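# Fold and contact review
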Amino acid sequence: MSMNNASNVFLDPNANRFQVNIINEDHDNNETTQEDVGSDPPHYEETSFTDETHNRLRISYRPGKRELHDNFRQNGEKTEASLHPYDTHSKMYYLQTFGHNTMDPVPKIDYYRNTGSVSGNKLNRPSLLEIHEQLAKNIAVSTGSVERVANGESSAGDETAASKEEENKTGFVKFGWVKGVLVRCMLNIWGVMLFIRLSWIVGQAGIGLGVIIILLATMVTSITGLSTSAIATNGFVRGGGAYYLISRSLGPEFGGSIGLIFAFANAVAVAMYVVGFAETVVELLKESDTLMVDESNDIRIIGTITVVCLLGISVAGMEWEAKAQVILLIVLLVAIVNFFIGTVIPTNTEKKARGFFNYQASIFAENFGPDFRSGEGFFSVFAIFFPAATGILAGANISGDLKVMSMVSGFGPLITAGIFSATLSSALASLVSAPKVFQALCKDNVYKGLEFFAKGYGKNNEPIRGYVLTFAIAMAFILIAELNTIAPIISNFFLASYALINFSCFHASYAKSPGWRPAFRYYNMWVSLFGALLCCGVMFVINWWAALITYAIELFLYIYVTYKKPEVNWGSSTQALYFVNALDSALALTTVEDHVKNFRPQCLALTGAPMVRPALLDITHAFTKNNGLCICCEVYTGPRKLCVKEMNSGMEKKQAWLTKNKRKAFYAAVAADSFRDGVKSLLQASGLGRMKPNTLVIGFKKDWRSAPATQVENYVGIIHDAFDFELGVIIIRISQGFDISQVLQVQEELEKLEQERLALEATIKENDFEEGKRGICGFFKKASTLNISKHETKESTINTIQSMHVGEFNQRLLEASTQFKKKQGKGTIDIWWLFDDGGLTILIPYILTIRKKWKNCKLRIFTGGKVNRIEEEKLVMASLLSKFRIKFADINIICDINIKPNKESWKFFEEMIEPYRLHESCKDMTTAEKLKRETPWKITDAELEAFKEKSYRQVRLNELLQEHSRAANLIVLSLPVARKGAVSDYLYMAWLEILSKNLPPVLMVRGNHKNVLTFYS
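Since the model is a prediction, treat every value here as computed from it, not as a measurement. (Residues numbered from 1 in each chain as written. Predicted model: local features only at pLDDT ≥ 70, side-chain atom pairs only at ≥ 80, totals over all residues. Heavy atoms only, no water.)

Attention now goes to the pairing of strand β9 (residues 857-864). Bridge count between strand β8 (residues 827-832) and β9: 6 bridges; the pairing is parallel. Bridged to isoleucine 829 within β9 is leucine 859. Handedness of the crossover joining β8 and β9 through helix α33 (residues 840-849): right-handed. One ladder, built from 5 bridges, connects β9 with strand β10 (residues 890-894); its direction is parallel. Paired with isoleucine 861 across the bridge in β10 is isoleucine 891. Each parallel crossover has a hand, and the one from β9 via helix α34 (residues 870-883) to β10 is right-handed. (Pairing = 2+ DSSP bridges. Helix = DSSP H or I, 4+ residues; strand = E, 2+ residues; numbered from the N terminus. Right-handed = clockwise from strand over helix to strand, strands pointing away.)

It is worth spelling out the packing of aromatic side chains at this point. Given two aromatic rings, their pairing is described by the distance between the two centres and the angle made by the two planes. As enumerated under the stated definition, the model contains 28 aromatic pairs in all. Ring centres 4.9 Å apart and planes at 65° place the aromatic pair phenylalanine 277 and phenylalanine 420 in the edge-to-face group. Here the residue phenylalanine 277 occupies a position in helix α12 (residues 252-287), and phenylalanine 420 occupies one in helix α20 (residues 412-443), the gap between them amounting to 143 residues. Within the aromatic cluster, the residues linked to one another by ring pairs are Phe503, Phe506, Tyr510 and Trp526. One Lys or Arg, arginine 465, reaches over the ring of phenylalanine 452 and ends 4.0 Å from the middle of that ring. When the ring centre of phenylalanine 1015 is taken as origin, the NZ or CZ atom of lysine 883, which lies over that ring, is 5.6 Å away. (Phe/Tyr/Trp six-rings, centres within 6.5 Å; stacked < 30°, edge-to-face > 60°. Lys NZ or Arg CZ within 6 Å of the ring centre and 35° of its normal.)

All right, on to the sheet that holds strand β12 (residues 1002-1006) then. Strands sit in the order β5-β4-β3-β6-β7-β12-β11-β8-β9-β10 across an open sheet of 10 strands; the sheet is mixed. Whereas interior strands pair on both sides, the edge strands pair on one side only; in this sheet they are β5 (666-672) and β10. Going across the sheet, the axis of each strand differs from the next one's by a mean of 20°, ignoring polarity. In this sheet, strand β6 (residues 695-699) lies alongside strand β3 (residues 603-605) in parallel orientation, the contact comprising 3 bridges. Counterpart to alanine 605 in the pairing with β6 is valine 697. (Axes fitted to C-alpha atoms, helices over the stretch in contact; angles between N-to-C directions.)

Right, let's get into the packing of helix α17 (residues 378-385) against helix α23 (residues 525-542). One way to put it is that α17 packs onto α23 with a least axis distance of 9 Å and a crossing angle of 105°. Compared by their axis directions, α17 and α23 come out roughly perpendicular. Together, Phe379, Phe382 and Ala383 of α17 and Val538, Val541 and Ile542 of α23 make up the contact between the two elements. Of the residues in the contact of α17 with α23, the class split is 6 nonpolar, no polar and no charged. (Parallel < 35°, antiparallel > 145°, perpendicular 65-115°, else oblique. Contact = heavy atoms within 4.5 Å. Nonpolar A, V, L, I, M, F, W, Y, C, P; charged D, E, K, R; others polar.)

Bringing α34 into the picture now. Given a rise of 1.5 Å per residue, 14 residues ought to cover 20 Å, and the 20 Å separating the end C-alpha atoms of α34 matches this to within 8%. Arginine 885 occupies a position one or two residues after α34 and carries a positive phi of about 60°. (Expected span 1.5 Å × (residues − 1).)

Moving on, we get to the nonpolar core. One finds Ile213, Val274, Phe386, Ile490, Leu495 and Val538 to be the most contacted residues of the largest nonpolar core, which totals 81 residues. Examining the composition of this core, we find that 17 residues originate from one element, α12, more than from any other. Contact partners of isoleucine 213, with chain neighbours within four places excluded, come to Ile201, Ala205, Phe378, Val381, Phe382 and Phe385. Val679, Leu696, Leu834 and Leu960 belong to the second largest nonpolar core, which has 61 residues in total. (Core = buried A, V, L, I, M, F, W, Y, C linked by side-chain atoms within 4.5 Å. Buried < 20%, exposed > 50% of the residue type's maximum accessible area, 1.4 Å probe, protein only.)

Written as structure tokens, this is what we have:
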């Protein structure tokens, strides 16, 4: 591929990414060029990165098309006969990507932006559907739109240009790395503690341990710096400092907790720096005997004036704050240089009398070792020095050290100026950073009550409200004027931030997310972890009770944010680690063989949309919550394109509904040609590894008598498929049915009516207010408006009453849909364990009884037996249940299951199946055979006779259920199994209908005939 003028492209931001160029103007020139090269290579299509000013176009030569291209340009003109087959007057061919007629855009950064990005507008690339489906015909494309498509832009391109033009006019103030990073870091590090306390530290710890203290502090900050660099270069970083880095790395729980205390620490740090400045000024006033009131009140007065001045600089804008910081840095650097100059100036008698002898080897050796006094030790001295690394003033009086520094320096007043510079610059930095961090926290809406402080003003989005809040906090602590108590806590707040930044870097690396790609490579995850542990250790070294308070506050805020669950998704490393852990656990689980003791029902529930059949989900969730897998499944049938579109658009919404309603279940959907095919796919492909469904849960098809035969065939076929795939089956029936889509529709209509009513009332009030100002005319207009509004309100009320009538009609359905959400009162769960299916029939109700909502229900067991062995059968069943460690209230042996039902019940059954009988015995053989071919789903006389005893049993069981279990809270019943190819679909549905008719909620259960219970330990 040719790369002509590639450098110009990268230098020119307006250059098109791809252009189509003419290889040459005529065939002769082309041959000359090839002769120079000495070969005749094949002619392929070429693309190149070019400057827009490069006006030579390249087009592709294709085999057999030379004549067309030879005539392409004649005398520099393009004629109709010379047009390329893909060419148009709108230059479509030349401007499309790579010269092809395609919608595919070239890679462009605007496609990868977040919505609302401050650095540019997000563009939407063509969807896969738009590219994959057939292109719509007769689309009018203008030249401008073609150019945008060719350059990978969309219709939002004009908006982007306008946005950027507006940003250029009133753009943000952006600083380079010198003003924005270096200056601020130097001012923060060369603070009062490093500038003043160093002589005291060396005096206590000696030169050797003093260097170790400095190196240890530097190690903590250096490791944190490396971690910060890694996180900051892993994508675009917005305002918010440590809060933004931690929250986007570890999530809102950690970020929200540290963000609040970090902002508060910065606000209090303003007071601490200002008090340090005020103490220096008061010391100077004291030396000249010009105190205004007394030392404490003078500190308050000077501190208040200073904070007001700093607030004025901050509110004036970032430009003024940056200029002030540069000036203060210059003063600070001059003061430091002045000190070093003073150390080489020959000392005089006065200085020698005060202990200063310039540089001497003997004094160096003498001062190399420690000389701790006044109960100080290594860690206590380290605790006093370390805040210099965090930029925090410990709040102690600095007058004594100030005199020492002034004596050593070349020009004493410069030291005082350096102190002023160090304190004021640090105070100004904290006064600016605290509102910025707090604003970022409030914008993310992690704490719901703090949105007020998220608003910004001016071109820089200045947090004026945050400035006022920070000013108030600083003033409060300045008026206290005693900061020695609060200083350790504030230092620990900053250390906690450092610890979490290091941990964020470690956590992001450990999660191994493909999205973790920091441009800064000089970091190590284990070094970051060591840095986090080191910060935690230093917190206890500085002050153990302050560390405990810090951890307690962090834990409280973490629990609060976790409980509130803010609706944010930042792709944190916590999410990545969840995925890694889940994947590892799922893979580890595949190596573990199934054991009957660990069996749990893992259900595939055919709920459709989960909000449409909530009762079916609720009862399934009752025995799978915290115990097994629950997948809510929906099958879309119909035109594939529409089904897939509807399915994809609803996936997240329906899973979100499950989460919002605290249902621990997954949502899965498939598009299929038929309902049965879709369920078959779900039965085979749902789940992951060992976490696969072992039980199918479906609602009873209440409308089977009026539904088309294909629907009944699909329904019964699903049961056969489940048994084929060795899944257990649970069919649940409640009197009102599960589908509440009508109720949801009515509720939606009522909500719309309510919104319209509120809007109408608001409009009437507004009109009344306006017309009330216009005297007598306004009065009559008002009366007219009231008459109209009353008429409209009346009509609205009539509509509402009609809707309410529909709602009352469906009230029983609505109540039935919530019956399993309520706590069940004292009652029984009747288990008709008629056939041994491996124990699922007894396990499901047992699990229900250990749930909070069902714990007041006792288990009653019903099973078949012989009249002359009732007591023995009871003892056998009681022994079996006791070995299974399942508590029960009563055991009933039913001896008359196999007797014929009464005539009324049997007559009802016959009338129910009458429309579906073939009655072939009453017809001649030819007619009977024809009917069998035309209606294969009908019940034949031979079939009915063959399964007459089984039909008797289902009818008789309903009579027994009516007799014994009519008052039960729930009935769990062995599900009859229909032999494939022998029992017709309608006969089987008739069995299920008669078996569960006019009863409390019924669970018809059939396991896969593999043990799910064991009495072995």
